[in-house]
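# What the coordinates show
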Amino acid sequence: MRDKNEQFWGDHAAIYDTEIDRVIGRGSREAIYDRLRGLRGLGNVVEFGCGPGYFTRAIAKNATFVTAVDISQEMLDRANANLAGVENVAFKKENVERTTFPPDTFDTVFTANVVQVLEHPERALREAYRVLKPGGRLILLYYTFQDLGLFDRFKMLVRFMSRFHGMPFRHMISEEEIRMMVQDAGFKVDELKLIGAKVKAVFVLAHKPAR
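Quick summary incoming for the structure in this document. Remember, it's a predicted structure, so these values are computed and weren't measured experimentally.

## Some points on the pattern of salt bridges
Counted according to the given criterion, the structure contains nine salt bridges. Where K133 meets D107, a salt bridge forms, and the shortest distance between an N and an O atom there is 3.3 Å. Here D107 lies in strand β4 (residues 106-112) and K133 lies in strand β5 (residues 132-144), a separation of 26 residues in the sequence. Using a relative accessible area of 32% as the deciding quantity, one classes K133 as partly exposed. Classification of D107 by relative accessible area gives partly exposed; the value is 27%.

Written out as structure tokens, the structure is:
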């Protein structure tokens, strides 16, 4: 039997890209995509929670290889179809709180819009630390209500509820909270800021210290 997270995201795989554009705004998603596309030297990447692969494509442009994982097979199938012809990406079903990868495997862990929907985001961050090589990079982002007025926040909540028939967020994580969570997992934070257009994302660059 599938757990409720796997069920939720599987049920929304076919409509996710269309509906999230309506909730967040295409301009915000494109601004974040362009920021990711500008990252260089990513090497061997694992993406925690690839969804239908929208940001996977941006990361793949400057990666040697991307292993994109998700808890939902429906999301993986959708991502595989969306990225047909992108040769440096493979898809694998994994639970990001406890993956099957050996320690010190990847040069970069990338995760977008995952920490705020997990029951235990700290476990995923510790797992990211475990699978990264010493000196490896963590690239993390998630949508936030910051910089939105009260009325715009309310409208965004209503859009989420109506489009997804529920609220996928488990946590509303502030910039300072994510800084502490990333540091508690063992990382050194190199950059933390807001990116996007009207709707912003918290964007974190960090690294696993070399031994």
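## So, the pairing of strand β2 (residues 63-70)
Counting buried positions over the eight residues of β2 gives six, a clear majority of the element. Direction of pairing for strand β1 (residues 43-48) relative to β2: parallel, over a ladder of six bridges. Residue pairing across strands places V46 opposite T67, the latter belonging to β2. Handedness of the crossover joining β1 and β2 through helix α4 (residues 54-60): right-handed. Summarising the sheet, β2 and strand β3 (residues 89-93) pair through five bridges and their orientation is parallel. The residue of β3 that forms the bridge with D70 is K93. In the classification by handedness, the crossover that spans β2, the intervening helix α5 (residues 73-82) and the parallel β3 is right-handed.

What counts and what doesn't
In this numbering scheme, every chain counts its residues from 1 along its sequence in written order. Reporting of local features is limited, given that this is a predicted model, to residues whose pLDDT is at least 70; pairs of side-chain atoms are given and counted only at 80 or more, and all residues count toward the totals for whole chains, interfaces and linings. Excluding hydrogens and water, the side-chain figures rest on all heavy atoms present in the structure. By convention in these notes, a salt bridge is any Lys or Arg side-chain nitrogen within 4 Å of a carboxyl oxygen on Asp or Glu. Strands here are runs of E lasting at least two residues and helices are runs of H or I lasting at least four, both read from the DSSP assignment and numbered beginning at the N terminus. Any residue under 20% of the maximum accessible area for its type is buried, any over 50% is exposed, and the rest in between are partly exposed; the area is computed with a 1.4 Å probe on protein chains only. Pairs of strands are assigned from DSSP output, requiring at least two bridges between the strands. Crossover handedness is defined by viewing with both strands directed away from the observer: a clockwise path from the first strand over the helix to the second marks the crossover as right-handed.

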